[in-house]
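# A structural walkthrough
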Amino acid sequence: MGPLVPDIISGNLNFIAALLIGVLFGMVLEQAGFSSTRKLVGLFYGYDFTVLRVFFTAGVTAMLGVIALEHFGLLDLSLVYINPTFVWAAVAGGLIMGLGFVVGGFCPGTSFCAAAIGKTDAMVFIAGAFAGVLVFAEGYPLFESLYKAAPWGNPRIFETLGISQSMFAFLLVIVAMLAFWTVSIIENKVNGVKEKPVRFTPYYIALASAGILLAGSAFIFTGRKASLLKTVNAPGFAQDYKLETMTPDEFAYRLMNDRENKLQIMDFRPEEERKKMNLPGATAYTLDNLFEKAPSRALLFRGKINVFAAEDELTERKMAIIAEKMGFKRIKVLQGGLNEFREQILNFKPAKTASKFELENTYRFRKKAGREIRELIQKAKPSGPATRKLKRVLGGC
Amino acid sequence: MKETKYMNSYLAGFLLGLLLLATIFITGRGLGASGALKSLTVAAVEAAAPAHAGAATFYKDYAADHSGGPLKNWLVFEAIGVLLGAFISGLVSDRLGFKFEKGPSATTRMRVAGALTGGLLWGVGAQLGRGCTSGAALSGMAVMSTGGIMTMVFIFAGAYGFAYFVRKLWI
């Protein structure tokens, strides 16, 4: 499961990866024509829209790739750097960079490429860029309040807009295709080309079909969490789903006699509930943990029986179904939830007369278990989270 | 206007997208460029005026976030790679050689002043906006970050908005 850094690739190997990625980045940019300032700026005067085509195609490709990897559980997005949102810094910084683009004719990445093949104007630009960073660094006290104003955290664009991830991705691909079409018309007009910008040739038909396929894929690769949640929340689905269960009696027995340390309780209750009653040896767990690289590993320990616990069985069932659909095994739900467990074991009140011999045994067990487990609960430490979260990689520019 | 043949734009974009995707999968972060400028600037200031670098907030914040020193930085290595890669590509496609590029009606002095000023604006803007076209706009779009996409929109809005006033430089 990605990202491979820092678990699989770490330390100096990461820097070698950086170098290799950089080499490929530089090659693609240069091959695309980003080492020429006139080609870059053409975007803003209508004579060459290469930048828009490359940039938009790359963005859409990578975005759908991220969506697909996440859908198949191959990428843990909680560990991926999501650029933070600081509204006014983004607005002001963006406008300053935009002015810099038309005045300087480059952006930083493209200026590196151009300088590498000997463009002297790009070298001048880079010198200016160093000066700019220095200006910001030295003037930081002046910029600081703007730099840190209106922090929104790390929201995703579809959350901000209040639409589904699929819908946003779909719309973006459509907008990109329309933009490609429009700019071809403008480009031909500005350059005096008589040819129609889009014709029925195999090339354009292939391009359009690829675009339509990409746009449609946005709806196939739905956000994994969102789609699983939708499935389990469908009326009746979770109740009827076949899951392994554990009776309150067995749960109590295992709580008291777990010498082999087989029982692993995933406590899905919210924090305030957990504070009221600690479950001995339980791990605090959330829906999100199931999708996270490090915490979800706990479910893979060999020889453990994973019992999902929540106040009610329905919540347990939903979480267990999601876990099962994600390929985790040996998961049981506590029958009737902790509500039932409380009633049956902790606060057990036998009916006046025990009519049958077996029932008498059960009653005796429950009374004893209730007493012992109440003590265990008293002694239990508050359940910690699944695993300390790995830190997000520090990214950005 | 095509002196040398460049790669098809959509193909180049697709390859760039795959590279960005691979980068995110491998490292958990996108591509970047202006971060390398920042690292080098910090390194230069730390070498030239260590007392100042130890006192000013910007450098102190930077040092707190980057334990291995400013040069042992992912983006610095990546930027070295970009220079290498672009050089290789230029070599292969026969585009190497010193050349000063400017608009047809711009004077050399105008272009030098423009490049310097433009670079300076990018230096400030990319710090303020937490990334440039690569780190904020492109990588931000890939992970659908609100902040990244917002920065992208304003970069292009700014460029289109100001383009008319500096057209002498280019057309």
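Residues numbered from 1 in each chain as written. Chains lettered and ligands numbered in written order. Predicted model: local features only at pLDDT ≥ 70, side-chain atom pairs only at ≥ 80, totals over all residues.

Let us look at the sheet that holds strand β7 (residues 331–334) of chain A. Here we have five strands laid out as an open sheet, ordered β3-β7-β6-β4-β5 (chain A), and parallel in their pairing. Of all the strands in the sheet, just β3 (244–246) and β5 (283–284) of chain A have a single pairing partner and so form its edges. (Pairing = 2+ DSSP bridges. Helix = DSSP H or I, 4+ residues; strand = E, 2+ residues; numbered from the N terminus.)

The subject of this paragraph is the nonpolar core. Among the nonpolar cores identified, the biggest contains 126 residues, and M63(A), V66(A), V102(A), L20(B), A86(B) and A142(B) are the most heavily contacted of them. With 13 residues, the top contributor of residues to this core is helix α3 (residues 50–71) of chain A. Lining this core are residues from two domains, each supplying at least three of them: domain 1 (1–99) and domain 2 (101–171) of chain B. Beyond its immediate sequence surroundings of up to four residues, V66(A) is in contact with L75(A), L21(B), I24(B), A142(B) and V143(B). In this structure, L263(A), Y285(A), A309(A) and I345(A) belong to the second largest nonpolar core, which totals 34 residues. (Core = buried A, V, L, I, M, F, W, Y, C linked by C-beta atoms within 7 Å. Buried ≥ 20, exposed ≤ 12 C-beta atoms within 10 Å, placed from the backbone. Domains from an automatic or database assignment. Contact = placed C-beta atoms within 7 Å.)

As a further point, take the pairing of β7(A). All names here are of chain A. Judged from the three bridges that link them, β3 and β7 form a sheet pairing that is parallel. Counterpart to M246 in the pairing with β7 is L334. Considered for its hand, the β-α-β crossover made up of strand β6 (residues 305–309), helix α17 (residues 313–325) and β7 is right-handed. (Right-handed = clockwise from strand over helix to strand, strands pointing away.)

On to the domain arrangement of chain B. Residue and element names in this part refer to chain B. Looking at chain B, the domain boundaries give domain 1 (1–99) and domain 2 (101–171). With centres defined by C-alpha atoms, the gap from domain 1 to domain 2 works out at 17 Å. Elements supplying a minimum of two residues to the side of domain 1 that touches domain 2: α1 (9–27) and α2 (34–48). Sort the elements by how many residues they give to the side of domain 1 that touches domain 2 and α2 lands first, with four residues. Class assignment of the residues belonging to the side of domain 1 that touches domain 2 gives a composition of five nonpolar, four polar and two charged. (Nonpolar A, V, L, I, M, F, W, Y, C, P; charged D, E, K, R; others polar.)

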